[in-house]
Amino acid sequence: MRYGMNPHQAAAIVAGHGPLTLNGQPSMINYLDALNAFELVREADEATGSPAAASFKHVSPAGAALAGPVDATAARIWRVDEADDGGLLSAYVRARDADPKSSFGDVVALSRPVNQVTAEFLRTVICDGVIAPGFEAGTVGLLAAKRGGQFLVLETDPRRRPPATERREVHGVTIEQDRDTVPVATVLPDDGALNAASRADALLGLVTLRYTQSNSVALVRGGAAIGVGAGQQNRVDCVRLAGAKARTWWLRRHPFVDDLPVVGGMGRQDRLNWQIRFAGQEMTAAQLREFGSLFGAEASSRYADATWRDEWTATLSGVTMTSDGYLPFRDNVEHAAVAGVTTIVEPGGSARSSEVADCAAAHGIAHVQTGLRLFHH
């Protein structure tokens, strides 16, 4: 490997047969991202029958999505055709657009072989590598030219399945456990509680959590995880973090944010970063002064006004929330309701699960218990 977790740590693969490296040299984090990300998209594709993509950073997904409609805002930002709503590219555009601040410099995972249009798109965004089950003729050469020839291109065998047991060595202690292989579709009730759309969202959400650092919560809408709250020490912070990301994603569709004046010479990522700061109301005083000089007094005057944000956020609905562990208190539901959640899918089994269910019912939220915990570390 190029290096381990950090450049001062040497690293090497000492056992096992992983994906084939077609170009570049992975660091340990690149490799961990790629291995986890591909399992996510492979499983999501198998569970739903749709092409899937994930944008991975630091061993958790910034976004994950199935192929589907690319809305006007995302199509404009990423310069893609709205009509391409069933192809592999649409899956990745939707995954990257969920949290483009976090996706900057990601590892891309795709569940189907990379085609020409997807390879051309990947050339235009800042990412460190891609893993896929194959590459159409000419696409590897196209991708290999990125990052001065150092772009990481990994090809994996879609038929490969990890061993039934897995081992990890931590500070000289070797731990072995059974790999988590329960098909998520088998734990979702087929009693009419979930319609086809919410069932697909639930499947994607559960698979996403299986490969997200715990504690974790995913908010999914229309086949895309629009907010992933990962690696928190308490569950309500997972919900709040996922909700904040989903809220920013939705606010980026507000005309005040979407139609910010175009600034000559400003690149796509810089514009996105300003839109995210504006939507999330998260600027420092210095940034706010710079924002005003770039985008004008009218945009600057809107920054402190919470009214338009609150009114727009109130229109977000149809969101499915999945949780990798049980919801211990009703405050999780209350924060979920604010984020437009209409379906909650969680393991259940806490001492207060009846209170959680009652709170969900009071908010008009369908509450589904799976009995399956999906912790991942």
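All of these numbers come straight from a predicted model, not from anything done at the bench. (Residues numbered from 1 in each chain as written. Predicted model: local features only at pLDDT ≥ 70, side-chain atom pairs only at ≥ 80, totals over all residues. Heavy atoms only, no water.)

Draft legend 1. Up close: the pattern of salt bridges. Tallied over the full model, the rule gives 22 salt bridges. With a shortest N-O distance of 3.8 Å, D128 and R147 are connected by a salt bridge. Within this pair, whereas D128 is found in strand 5 (residues 127-132), its partner R147 is found in the loop between helix 6 (139-144) and strand 6 (152-155), the two being separated by 19 residues in sequence. For D128, a relative accessible area of 23% corresponds to the partly exposed category. It is possible to trace a salt-bridge network through shared partners that takes in E39, R42, E46 and R161. (Salt bridge = Lys/Arg side-chain N within 4 Å of Asp/Glu carboxyl O. Helix = DSSP H or I, 4+ residues; strand = E, 2+ residues; numbered from the N terminus. Buried < 20%, exposed > 50% of the residue type's maximum accessible area, 1.4 Å probe, protein only.)

Draft legend 2. Spotlight on a nonpolar patch on the surface. A contiguous nonpolar surface patch, about 240 Å² in accessible area, is contributed by V170, V173 and I175. Mapped onto the elements of the fold, I175 is located in strand 8 (residues 173-178). (Patch = residues over 30% accessible without salt bridge, like charges linked within 9 Å, V, L, I, M, F, W, Y side chains within 5 Å. Areas by Shrake-Rupley, 256 points an atom, 1.4 Å probe, with all protein chains shown as cover.)

Draft legend 3. Spotlight on helix 7 (residues 196-210). The end-to-end C-alpha distance of helix 7 is 21 Å, a good match for the 21 Å that 15 residues give at a rise of 1.5 Å each. Across the 15 residues that make up helix 7, a large majority, 11, are buried. Of the positions making up helix 7, those classed as buried are S198, D201, A202, L203, L204, G205, L206, V207, T208, L209 and R210. Elements that come into contact with the buried residues of helix 7 comprise helix 1 (28-48), strand 3 (60-66), strand 9 (216-221), strand 10 (224-230), strand 11 (319-323) and strand 12 (341-346). (Expected span 1.5 Å × (residues − 1). Contact = heavy atoms within 4.5 Å.)

Draft legend 4. Molecular detail of the environment of R309. Counting through the fold element by element, R309 comes out in helix 13 (residues 307-313). Overall, R309 belongs to the buried group, its relative accessible area being 1%. Along the sequence, R309 and W250 sit 59 residues apart, while their C-alpha atoms lie 9.7 Å from each other. Not counting residues up to four positions away in its chain, the partners in contact with R309 are R247, L251, F278, A279, Q281, R302 and Y303.

Draft legend 5. Quick peek at the nonpolar core. Counting residues in hydrophobic clusters, the biggest one holds 35 residues, and the most contacted among them are L40, V41, A54 and L188. Listed by contribution, the elements that provide at least two residues to this core are helix 1, strand 2 (52-57), strand 3, strand 4 (106-110), strand 6, helix 7, strand 9 and strand 10. Apart from the residues within four sequence positions on either side, A54 is in contact with L40, V41, G63, A64, Y92, A95, V107, V108 and A109. Formed by 29 residues, the second largest nonpolar core is a distinct cluster that contains A91, V93, V125 and C127. (Core = buried A, V, L, I, M, F, W, Y, C linked by side-chain atoms within 4.5 Å.)

Draft legend 6. Spatial organisation of unusual backbone geometry. With an omega dihedral of -10°, the bond running from S214 to N215 counts as a cis peptide bond. Mapped onto the elements, N215 comes out in the loop between helix 7 and strand 9. A positive phi is found at V59, a non-glycine position, where the angle reads about 65°. As for its position among the elements, V59 is in the loop between strand 2 and strand 3. We classify V59 as buried; its relative accessible area is 16%. A positive phi angle, close to 50°, is found at H171, a residue other than glycine. Mapping H171 onto the fold places it in the loop between strand 7 (165-170) and strand 8.

Draft legend 7. Geometry of the packing of helix 1 against helix 7. Packing of helix 1 against helix 7 brings their axes to within 9 Å, and their N-to-C directions diverge by 155°. By the angle between their axes, helix 1 is roughly antiparallel relative to helix 7. Helix-helix and strand crossings are classified by hand; for helix 1 and helix 7 the assignment is right-handed. Residues L40, E43, A44, A47 and T48 of helix 1 form the contact with helix 7, whose participating residues are A200, L203, L204, V207, T208 and R210. Grouping the constituent residues of the contact of helix 1 with helix 7 by class yields seven nonpolar, two polar and two charged. (Axes fitted to C-alpha atoms, helices over the stretch in contact; angles between N-to-C directions. Parallel < 35°, antiparallel > 145°, perpendicular 65-115°, else oblique. Left-handed = near helix turned anticlockwise from the far one by under 90°. Nonpolar A, V, L, I, M, F, W, Y, C, P; charged D, E, K, R; others polar.)

Draft legend 8. Spatial organisation of the pairing of strand 13 (residues 366-369). One ladder, built from four bridges, connects strand 12 with strand 13; its direction is parallel. Within strand 13, the position partnered with E346 by the bridge is Q369. In this fold, the crossover linking strand 12 to strand 13 by way of helix 15 (residues 353-362) has right-handed handedness. (Pairing = 2+ DSSP bridges. Right-handed = clockwise from strand over helix to strand, strands pointing away.)

Draft legend 9. Highlighting the packing of helix 10 (residues 268-280) against helix 11 (residues 285-295). Interhelical geometry of helix 10 versus helix 11 gives an angle of 120° and a closest axis separation of 12 Å. Overall, the two elements helix 10 and helix 11 adopt an arrangement that is oblique. Regarding helix 10 and helix 11, the two cross each other, and that crossing is left-handed. In contact with R271, W274, R277 and F278 of helix 10, helix 11 contributes Q287, E290, F291, L294 and F295.

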